[in-house]
Amino acid sequence: YLRGAGSASHTADAKRSGGTTTDDERERLRQIMSTCTITGQTLDLTGTSGDIVACPYGRLYNREAAVHALLRRMESGAMASAGVKGPEPDIGYHVRGLKDLHPLRFQVIERDGNGSGSKYAAVCPLTGVELNGSSPAILIVKNKAPKKKKSKDEDKVGASAESDASPNVLSERAIREVGIDSLQEEYGPFDMANCIRLAPTIVGGVFDKVKTDLQTRRAEEKKSRKDNKKKKDKKRSEPISANGDSKPPAGASKKPRQDTTVNGNGAVGSNMSVAEAARANVGAAVASNPALSSLFSSGKSGLSEKERRDALFTTNT
């Protein structure tokens, strides 16, 4: 949706309205790129990094004004819960909080002073084209870095801080000509899906596409968080053994050990261990054979030595 937008019309908050002529569209785009959507005041392009922020719809705000608008919206919601109608919010509900407001850092040049208007102008750092709404501008939103613990000796103001002070608004033309992969080293890491088209136009369906893409992306993120929560809950419910492996929860069915016993007739049961069953088999064999019984008996027997030998080699019929 980033290409072919031209200099068509654009809408910001409901407070703003405009005509349909080319001049009206151009003026609307210029205001959006140079003034706060809430207060209408001119944005300080040379201010401290983070003073200007943009929402996912590509609207620009003074950061302080946006924060106060979010607080007022919260208070209005509390009043509505109590049955009291509060004022209309100054900022749309597509901005869920500060996490949806991304800082803008323009490459700023000083005008020659002959023209009217602002003394400074925002330009693309790669092409030099002025970012006044006449050319599509893209806010580069970096991918979120994974959380990690900082060591005590780590410098908090390192390369990342220096990178965050660099301009992060490029013209669409620059991205198209240089290429996304070539921009990663200086401006990345970033995905174009997360970048914001500043001042998207109504004509051509650009603004509608921005809203649709945002809704789709947030629905996918919500589903992904829900799926991850289910996986974590499932893993958390599984007990962990001493070696760190998951083991079945308490009460799970286990295959009982089958012990064996031997009754007087040599039948095998299921209440003894294998060793006990073997000893029982031997005992039963000895008890059933007079010769074996006499050999293993510790008491005196009534048979003579010759009779015991004869009985040992006699086959029972």
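Cut-offs applied
- Residues numbered from 1 in each chain as written.
- Predicted model: local features only at pLDDT ≥ 70, side-chain atom pairs only at ≥ 80, totals over all residues.
- Heavy atoms only, no water.
- Helix = DSSP H or I, 4+ residues; strand = E, 2+ residues; numbered from the N terminus.
- Buried < 20%, exposed > 50% of the residue type's maximum accessible area, 1.4 Å probe, protein only.
- Pairing = 2+ DSSP bridges.
- Contact = heavy atoms within 4.5 Å.
- Axes fitted to C-alpha atoms, helices over the stretch in contact; angles between N-to-C directions.
- Polar contact = N/O pair within 3.5 Å; in protein donor to acceptor, adjacent residues only side chain to side chain.
- Expected span 1.5 Å × (residues − 1).
- Arc of directions from axis to C-beta.
- Salt bridge = Lys/Arg side-chain N within 4 Å of Asp/Glu carboxyl O.
- Core = buried A, V, L, I, M, F, W, Y, C linked by side-chain atoms within 4.5 Å.
- Patch = residues over 30% accessible without salt bridge, like charges linked within 9 Å, V, L, I, M, F, W, Y side chains within 5 Å.
- Areas by Shrake-Rupley, 256 points an atom, 1.4 Å probe, with all protein chains shown as cover.
- Lys, Arg positive; Asp, Glu negative; His and termini not counted.
- Charge placed at Lys NZ, Arg CZ, Asp CG, Glu CD.
- pLDDT = per-residue confidence, 0-100.

A. Focus on the environment of glutamate 177. Tracing the chain through its elements places glutamate 177 in helix 4 (residues 172–178). Glutamate 177 gets classed as exposed once you look at its relative accessible area, which sits at 54%.

B. Expanded view of unusual backbone geometry. Following glycine 188, the chain continues to proline 189 via a peptide bond in cis, the omega torsion being 0 degrees. Structurally, the position occupied by proline 189 is in the loop between helix 5 (180–187) and strand 8 (196–198). The phi angle at alanine 199 is positive, at roughly 50 degrees, despite the residue not being glycine.

C. Local environment of the sheet that holds strand 2 (residues 60–62). Spatially, three strands are ordered 2-1-3 in an open sheet, and the strand pairing comes out antiparallel. Only two strands of the sheet have a single neighbouring strand rather than two, namely strand 2 and strand 3 (102–103). Strand direction decides the pairing type here: strand 1 (residues 52–54) and strand 2, joined by three bridges, are antiparallel. The residue bridging alanine 54 from the neighbouring strand is leucine 60, located in strand 2. Each of strand 1 and strand 2 is contacted by helix 2 (residues 63–81), which is oriented at about 90 degrees to strand 2, the strand it contacts most.

D. The arrangement of the side chain of arginine 105 in detail. Looking at where arginine 105 falls in the secondary structure, it is placed in the loop between strand 3 and strand 4 (107–110). In this structure the side chain of arginine 105 is engaged in a polar contact, spanning 2.6 Å, whose partner is the backbone oxygen of serine 166.

E. Here's a closer look at helix 1 (residues 22–34). With 13 residues, helix 1 should cover 18 Å at 1.5 Å per step; its first-to-last C-alpha distance of 18 Å lies within 8% of that length. Every buried residue of helix 1 is accounted for by Glu25, Arg28, Leu29, Ile32 and Met33. The buried residues of helix 1 occupy an angular sector of 125 degrees when the element is viewed end-on, so they sit on one face. Packing partners of the buried residues in helix 1 comprise strand 2, strand 6 (137–139) and strand 8.

F. Broad picture of the environment of glutamine 41. Inspection of the secondary structure assignment puts glutamine 41 in the loop between helix 1 and strand 1. Remark: the alpha-carbon pair of glutamine 41 and asparagine 62, spanning 21 residues in sequence, is separated by 8.6 Å. Other than its neighbours up to four places away in sequence, glutamine 41 contacts Ser34, Thr35 and Cys36.

G. Quick look at the sheet that holds strand 8. Pairing is antiparallel across the open sheet formed by three strands, whose spatial order is 7-6-8. Each having just a single partner strand, strand 7 (169–171) and strand 8 make up the two edges of the open sheet. Adjacent strand axes in the sheet meet at a mean angle of 35 degrees when their direction is disregarded.

H. Spatial organisation of the pattern of salt bridges. Enumeration according to the criterion identifies twelve salt bridges in this entry. The partner of aspartate 100 in a salt bridge is arginine 218, and the shortest N-O contact between them spans 3.2 Å. With aspartate 100 in the loop between helix 2 and strand 3 and arginine 218 in helix 6 (residues 206–237), the pair connects residues that are 118 residues apart, well separated along the chain. Here aspartate 100 and arginine 218 have matching classes, each one buried. Note that lysine 229 and aspartate 233 form a salt bridge whose closest N and O atoms lie 3.1 Å from each other. Highlighted residues: lysine 229 and aspartate 233, both in helix 6, separated by four residues, approximately one helical turn. Look at aspartate 233 and you get partly exposed, because its relative accessible area is 32%. Linked by salt bridges that have partners in common, Arg96, Asp100 and Arg218 make up one network.

I. Layout of the environment of cysteine 124. Its location among the elements puts cysteine 124 in the loop between strand 5 (120–123) and strand 6. Residue classification places cysteine 124 among the buried positions, given a relative accessible area of 2%. In sequence terms cysteine 124 and isoleucine 138 are 14 residues apart; their C-alpha atoms lie 9.7 Å from each other. Beyond its immediate stretch of four places on either side in the chain, cysteine 124 contacts Val129, Leu131, Leu170, Ser171 and Ala174.

J. Quick look at the nonpolar core. With 46 residues, the main nonpolar core has Tyr61, Leu104, Phe106 and Leu198 as its most contacted residues. No other element matches helix 2, which puts four residues into this core.

K. Structural context of a positive patch on the surface. A contiguous patch of positive charge, built from Lys99, Lys144, Lys222, Arg225, Lys226 and Lys230, is present on the exposed surface. Residue position: lysine 226 is located in helix 6.

L. Representation of the confidence of the model for the protein chain in the model. Model confidence for the protein chain is summarised by a mean pLDDT of 76, while 62% of its residues fall at 70 or above. Of the regions scoring below 50 in pLDDT, residues 1–20 engages in 64 contacts with residues more than four places distant in sequence or in other chains. Confidence drops under a pLDDT of 50 for residues 154–162, and excluding neighbours within four residues, the segment shows zero contacts in the predicted structure.

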